Amino acid sequence: MNGRAVLFLLPHWVAAGGSPAEDGSADALSGFLDWCETVGLELSPKVYVSKEGTVSDYGLLAREDLQIGEVLFTIPRAVLLSQHTTSIRSLLEKDQASLESQSGWVPLLLALLHEYTASNSHWRPYFSLWPDFSSMDHPMFWPEEERMRLLQGTGILEAVDKDLANIQLEYTSIILPFMESHLDLFDPKLHTPELYQRLVAFVMAYRRWLWRSHFSVPSEVARRPLAVTDPSFQEPLDEEDEDEKEPNPPMMVPMADILNHVANHNANLEYSLECLKMVTTQPIGKGQEIFNTYGQMANWQLMHMYGFAEPYPGNTDDTADIQMVTVRRAALQGASTEAERQLVSEQWDFLCQLEMVGEEGAFVIGWEEVLTEEELSMTLKVLCMAAEEFKEFKEHEGWEEDTEDEESFTLSNETIPRLKASWKKLLHDSALLTLQSYSSDLKAEQDLLNDKVAYGKLSQREQQALQVRYGQKRILHQLLELAS
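If you're wondering where the values come from, they're calculated on a predicted model, not measured in any experiment.

Draft legend 1. Fine view of the overall build of the chain. Along the backbone of the chain there are 18 helices and 12 strands. Within the span of the chain, comprising 484 residues, buried residues form 52% of the whole. Sequence-distant contacts, at least 24 apart, represent 73% of the contacts inside the chain between residues at least 6 apart. A total of about 22,400 Å² of accessible surface is found on the chain, and carbon and sulfur atoms cover 48% of it.

The structure is reproduced here in structure tokens:
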């Protein structure tokens with residue numbers, strides 16, 4: 001398969017004209033479709049929802065040939081669920097100052113806590129399709145031992161630890177005090193930390209990119225600007241407002257979560273003043289599945305936030321991280337005297353001052369190029385300087401005239417073999433150290449992937465984790481060859 005939906009998002013529903021569900025959810029499906037019609041949520045007759053012919057679970061398929069630019073469904077803004085549309089919007093606005101957080105999610109999550117448990121909620125038909133949250137399979141819900149065994153070295157362990165700590169902090173310091181001040185609307189015995197954590201995970205998967213400001217979305221993702229057709233359900237700002245305004249508040253978008261994900265997607269969500277539209281970006285043949293994209297995301301990010309990975313080699317956006325401190329460690333290992341080790345420490349401190357490196361940062365290596373090119377180039381350059389060269393460089397505060405070659409230089413598969421020998425050695429040693437952080441080697445995992453019988457005996461978690469590790473190791477081994 002080439003991608004999967006987040007399995008816990010929705011049991012999903014059948015499009016108008018399709019066959020009714022056969023799993024006992026026909027009443028919920030019918031109620032949701034009636035609600036869609038009532039609120040003006042329009043689904044094109046050219047598409048339908050089915051389990052048959054999809055990469056995983058339910059998906060959206062073409063009933064007939066589709067051309068670029070065709071509207072698949074239209075969602076009026078009144079249908080969106082956000083802090084501005086919830087029935088407690090006036091209360092959230094009144095207490096806005098006390099609800100500020102690094103994530104920016106608290107108002108939406110409070111709206112969800114209330115609406116999800118209110119029997120008279122406007123979105124009740126939508127919620128009726130939500131799954132039992134106990135079925136979620138994010139790594140944050142795995143036993144710690146299993147996370148350690150399957151995900152060591154991938155970066156997911158650290159991301160999950162940060163998520164769990166931040167969720168707990170946000171609940172105890174903001175959510176709980178707010179609920180205790182409004183016991184006529186909230187019941188801490190019902191709106192528990194466990195429910196809050198499940199809602200966070202649900203929204204983290206549903207909302208795609210929103211965790212970037214507080215939770216564990218990596219820095220290279222955070223740097224990517226949102227376009228008008230970005231799949232995120234956090235509405236993008238106009239380009240002229242990006243540096244001046246806070247991000248638009250998050251929102252839940254019924255219908256839009258039906259599409260599965262692959263890197264080579266064929267539909268995108270577009271925004272206008274009156275509505276949101278899912279629009280095709282490629283021609284789609286009759287019977288083919290329609291895919292949205294969660295963004296340019298590596299398999300470890302998909303696994304962390306959604307609980308799945310694209311099988312190798314399907315994810316062209318896959319990456320491998322080399323921790324910045326690993327490059328420092330490689331440089332220190334290459335130092336043969338105390339003076340050389342002291343020089344490396346001074347060079348590292350200077351790079352920190354330039355904000356090129358940090359104790360928790362990572363250099364991101366893609367299939368074709370380095371995504372954190374500026375940071376890695378400067379790090380290799382400074383850590384490979386001789387003492388006198390570094391002294392002069394530091395005196396100029398890191399500024400120097402670039403040669404014509406340096407101005408146009410990129411770290412890519414084409415240029416890495418032409419790096420200075422000292423740069424290549426440091427890069428090579430850093431990749432080796434990163435590979436040592438995994439609990440198994442590339443050959444063992446390649447043998448397992450090639451053995452269909454053995455692979456089929458693995459659990460779903462084991463298969464997904466294997467895809468994450470294997471893709472990362474392939475990228476790192478490619479880097480070893482380029483830097484040899």
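Now that the structure has been shown, the text picks up again.
Draft legend 2. The side chain of glutamate 310, seen in detail. Within the secondary structure, glutamate 310 is located in the loop between helix H9 (299-306) and strand E11 (319-323). Residue classification places glutamate 310 among the buried residues on the basis of a relative accessible area of 2%. A distance of 3.3 Å separates polar atoms of two side chains, one belonging to glutamate 310 and the other to histidine 261.

Draft legend 3. Region of the structure containing the sheet that holds strand E3 (residues 59-62). The strand order across the open sheet built from 4 strands is E2-E3-E10-E7, with neighbouring strands paired in mixed fashion. Strand pairing shows two members of the sheet lacking a second neighbour, strand E2 (47-50) and strand E7 (260-261), which therefore form its edges. Both E2 and E3 contribute to a ladder of 4 bridges, which runs antiparallel. Across the sheet, residue valine 47 finds its bridge partner in E3, namely alanine 62.

Draft legend 4. Structural context of the packing of aromatic side chains. Enumeration over the complete set of coordinates arrives at 11 aromatic pairs. Seen in terms of ring centroids, phenylalanine 32 and tyrosine 126 are 6.4 Å apart; in terms of plane orientation they differ by 35°. Their pairing is tilted. With phenylalanine 32 in helix H1 (residues 26-39) and tyrosine 126 in helix H4 (residues 124-127), this residue pair connects regions lying 94 residues apart in the sequence. A residue is classified by how much of its surface remains accessible, and phenylalanine 32, at 1% relative accessible area, is buried. Relative accessible area serves as the criterion here: at 0%, tyrosine 126 is assigned to the buried category. Measuring from ring centre to ring centre gives 5.9 Å for phenylalanine 178 and phenylalanine 186, while their planes differ by 70°; the resulting arrangement is edge-to-face. Site record: aromatic cluster; members linked through ring pairs are Phe32, Trp35, Tyr116, Tyr126 and Phe127. Just above the ring of phenylalanine 141 sits the side chain of arginine 198; from NZ or CZ to the centre is 3.8 Å.

Draft legend 5. Broad picture of a negative patch on the surface. A surface patch of negative charge is lined by Glu388, Glu389, Glu392 and Glu395. On the secondary structure map, glutamate 389 appears in helix H13 (residues 387-395).

Draft legend 6. Just the nonpolar core, in detail. One finds Phe73, Ile75, Leu110 and Leu112 to be the most contacted residues of the largest nonpolar core, which totals 87 residues. Looking at this core, the element that brings in the most residues is helix H6 (residues 156-180), giving 10 residues. Within the second largest apolar cluster, 41 residues are counted, among which are Phe350, Val357, Val370 and Leu476.

Reading guide: rules and limits
Here the residue numbering is sequential within each chain, running from 1 through the sequence in written order. Whole-chain, interface and lining totals are the exception, using all residues; otherwise, since this is a predicted model, local features are given only for residues with pLDDT of at least 70 and side-chain atom pairs are given and counted only at 80 or more. Water and hydrogen atoms play no part in the side-chain values, which are based on all heavy atoms of the structure. A run of DSSP states H or I qualifies as a helix once it reaches four residues; a run of E qualifies as a strand once it reaches two. Both are numbered from the N-terminal end. Relative accessibility thresholds used throughout: buried, under 20% of the residue-type maximum; exposed, over 50%; partly exposed, between the two (1.4 Å probe, protein chains only). Contact definition: two residues touch when any of their heavy atoms are within 4.5 Å. Per-residue and other accessible areas follow the Shrake-Rupley method at a 1.4 Å probe size, with only the shown protein chains counted as cover for residues. Two N or O atoms count as a polar contact when they lie within 3.5 Å, although within protein this holds only if one can serve as hydrogen donor and the other as acceptor, and sequence-adjacent residues are included solely when both atoms are side-chain atoms. Two strands make a pair as long as DSSP finds a minimum of two bridges between them. Ring geometry is summarised as follows: Phe, Tyr and Trp rings, the Trp one being its six-membered ring, pair when their centres sit within 6.5 Å, and such pairs are stacked at plane angles under 30 degrees, edge-to-face over 60 and tilted between the two. Only Lys NZ and Arg CZ are tested; either one counts as a charge over a ring when it is within 6 Å of the ring centre and within 35 degrees of the ring normal. In this scheme, patches are assembled from residues that exceed 30% relative accessible area and form no salt bridge. Like charges are connected within 9 Å, while nonpolar side chains (Val, Leu, Ile, Met, Phe, Trp, Tyr) are connected within 5 Å. We define a salt bridge as a contact between a side-chain nitrogen of Lys or Arg and a carboxyl oxygen of Asp or Glu at a distance within 4 Å. Working convention for charge: Lys and Arg count positive, Asp and Glu count negative, and His plus the chain ends are omitted. Lysine's charge is taken at NZ, arginine's at CZ, aspartate's at CG and glutamate's at CD. We define the nonpolar core as a collection of buried residues of types Ala, Val, Leu, Ile, Met, Phe, Trp, Tyr and Cys that are connected through side-chain atoms lying within 4.5 Å of one another.

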